[in-house]
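Overview (structure and organization)
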Amino acid sequence: MKRPIDLSIYRLLVAFSSVLLIGSLVGCHSSEGKEERKEKEEAKKADAPATVEVFPLQRGKLSSSLQVPGELVAFRDVDIYAKVSGYIKSLNADVGTEVKQGQLLALAEAPELSAQLSSADSKLKAQEALSIASKANYERILEASKFSGAVSKNDVDQALAKRNADLAQLEAAKSAYREVADLKKYLEIRAPFNGIISARNASTGAYIGPAGKGSEFPLFVLTEQKKLRLVISIPEAYTGYVDLNDQVTFTVKAFPDQKFTGQVKRQAGALDKRLRSERVEVDVINNDKKLLPGMVAEVTVPLPTKNSTFIVPKTAIVNATTGVFVIKVVNGKAEWVPVKRGLEADEKVELFGPLTEGEQLIAKANEEIRDGSPVNTK
């Protein structure tokens with residue numbers, strides 16, 4: 001037989017169960033409230049203006065440099081050919097010979113030219129005699145014509161015409177003699193300027209001439225070595241930064257630990273249509289002849305800005321899919337401004353765009369700062 005539960009104990013159990021149920025309900029409600037508050041705080045934080053660091057836009061000058069390859073070529077380099085036909089009688093220079101302007105390099109001989117010169121000389125002397133005789137005859141007739149009835153005026157005119165004709169023939173004979181004499185001078189092959197013989201293609205006894213087998217190759221190649229041209233190509237974007245008389249430095253593989261200098265002396269003034277670059281020539285003094293024509297150089301071209309431009313740190317630029325922007329702060333809101341980049345150096349960039357000096361730009365810009373969104377500055 002079951003013993004009945006005491007009424008007081010039963011009430012106590014019911015009360016305890018009620019307390020546990022209420023506590024669990026309160027606990028659930030409390031946790032739900034905490035989650036809601038957390039979500040509200042996060043939403044409020046997301047809606048709050050971002051705090052950004054700004055700086056005033058200022059003008060300045062930026063110095064950068066451009067690394068381009070270049071080629072050293074001779075300042076002057078000529079192929080020396082024979083002007084007249086003949087045979088090499090003697091050679092006075094060979095490969096590596098350093099010569100002076102006007103120095104005799106080779107002597108040729110052409111017997112037919114000597115015969116032509118002798119013939120021209122004989123014709124000249126004969127014509128000189130005729131000219132002297134006609135001149136003397138004219139002077140006698142002119143003197144006689146001063147006495148009335150001694151000589152007619154027609155005789156005087158004929159004597160004058162004969163004197164003038166013989167004088168013209170004398171000038172023609174002189175010209176023919178000079179022509180042959182000048183041709184004979186070309187048998188002496190001389191250096192047109194100071195330089196070094198870099199190639200020789202003839203030997204003693206070889207036939208030479210202005211056309212035909214004797215002119216297949218130049219007799220000599222004369223190269224000016226103490227002054228060189230350094231030829232470089234400046235890309236289109238940087239042509240505005242290079243001026244005449246700018247100094248450049250370069251190195252060559254033969255002397256990797258030594259820097260050489262040169263000065264910009266010539267600019268093409270037009271872009272190569274294929275490379276989209278401008279040909280620039282730099283004069284290089286090479287008195288010690290260490291540098292050789294044909295060497296490839298690594299050239300450093302300084303690119304200083306000519307005028308004060310806007311200079312900003314690289315972190316202030318946003319490279320978006322739609323373009324390049326900086327973000328300025330106007331009345332507590334972000335405003336994206338499209339710009340164009342210029343030179344870059346030391347983590348700074350030259351900017352061009354619709355900007356005004358003194359405007360506040362965000363120092364560390366990114367695409368999360370939307371155009372028109374509110375911001376707090378510090």
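Described below are features of the structure shown in this document. Sequence order sets the numbering: in each chain, residues are counted from 1 along the sequence as written. pLDDT decides what is reported in this predicted model: residues at 70 or higher carry local features, side-chain atom pairs at 80 or more are listed and counted, and totals for whole chains, interfaces and linings draw on all residues regardless. As a rule here, side-chain values come from all non-hydrogen atoms in the structure, and water together with hydrogens is ignored.

Topic: the environment of Leu183
Mapped onto the fold, Leu183 is located in helix H3 (residues 153-185). Throughout this description, buried means an accessible area under 20% of the type-specific maximum (1.4 Å probe, protein chains only), exposed means over 50%, and partly exposed covers the range between. On the basis of relative accessible area, Leu183 is assigned to the partly exposed category, the value being 26%. In this analysis, two residues are considered to be in contact whenever any of their non-hydrogen atoms come within 4.5 Å of each other. Among all residues touching Leu183, those that are not within four sequence positions of it are Val84 and Leu113. Think of it this way: any DSSP run of H or I at least four residues long counts as a helix, any run of E at least two long counts as a strand, and we number them from the N terminus.

Observations concerning the nonpolar core
Here, nonpolar core refers to any group of buried Ala, Val, Leu, Ile, Met, Phe, Trp, Tyr and Cys residues whose side-chain atoms link them within 4.5 Å. Among the nonpolar cores identified, the biggest contains 27 residues, and Leu72, Leu230, Ile232, Phe250, Leu291, Val299 and Val301 are the most heavily contacted of them. Elements with a contribution of two residues or more to this core: strand E4 (63-74), strand E13 (227-235), strand E14 (247-252), strand E15 (255-271), strand E16 (277-285), strand E17 (296-304) and strand E22 (340-345). Note that domain bounds follow an automatic or database assignment of domains. Both domains that meet at this core, namely domain 1 (51-63 + 308-377) and domain 4 (226-304), each give it at least three residues. With near-sequence residues (within four places) excluded, Val299 lies in contact with Leu66, Gln67, Val68, Pro69, Gly70, Leu230, Ile232, Val248, Thr249 and Phe250. Counting residues in hydrophobic clusters, the runner-up holds 21 residues, among them Ile189, Ala191, Ala202 and Ile208.

Looking at helix H2 (residues 111-144)
Each residue after the first adds 1.5 Å to the expected span of a helix. The end-to-end C-alpha distance of H2, which contains 34 residues, comes to 50 Å, matching closely the 50 Å that a straight helix rising 1.5 Å per residue would cover. Taken together, the buried positions of H2 are occupied by Leu113, Leu117, Ala120, Leu124, Gln127, Ser131, Ser134, Tyr138 and Ile141.

What about the packing of aromatic side chains?
Classification of ring pairs rests on two measures: the distance between centres of Phe, Tyr or Trp rings, Trp counted by its six-membered ring, which must be within 6.5 Å, and the angle between planes, read as stacked under 30 degrees, edge-to-face over 60 and tilted in between. Following the criterion strictly, the structure yields 4 aromatic pairs and no others. Measuring from ring centre to ring centre gives 5.6 Å for Phe250 and Phe260, while their planes differ by 25°; the resulting arrangement is stacked. Taken together, the residues Phe250 in strand E14 and Phe260 in strand E15 connect sequence positions 10 residues apart. Across the pair, exposure class does not vary: Phe250 and Phe260 are buried alike.

In short, geometric facts, not functional conclusions.
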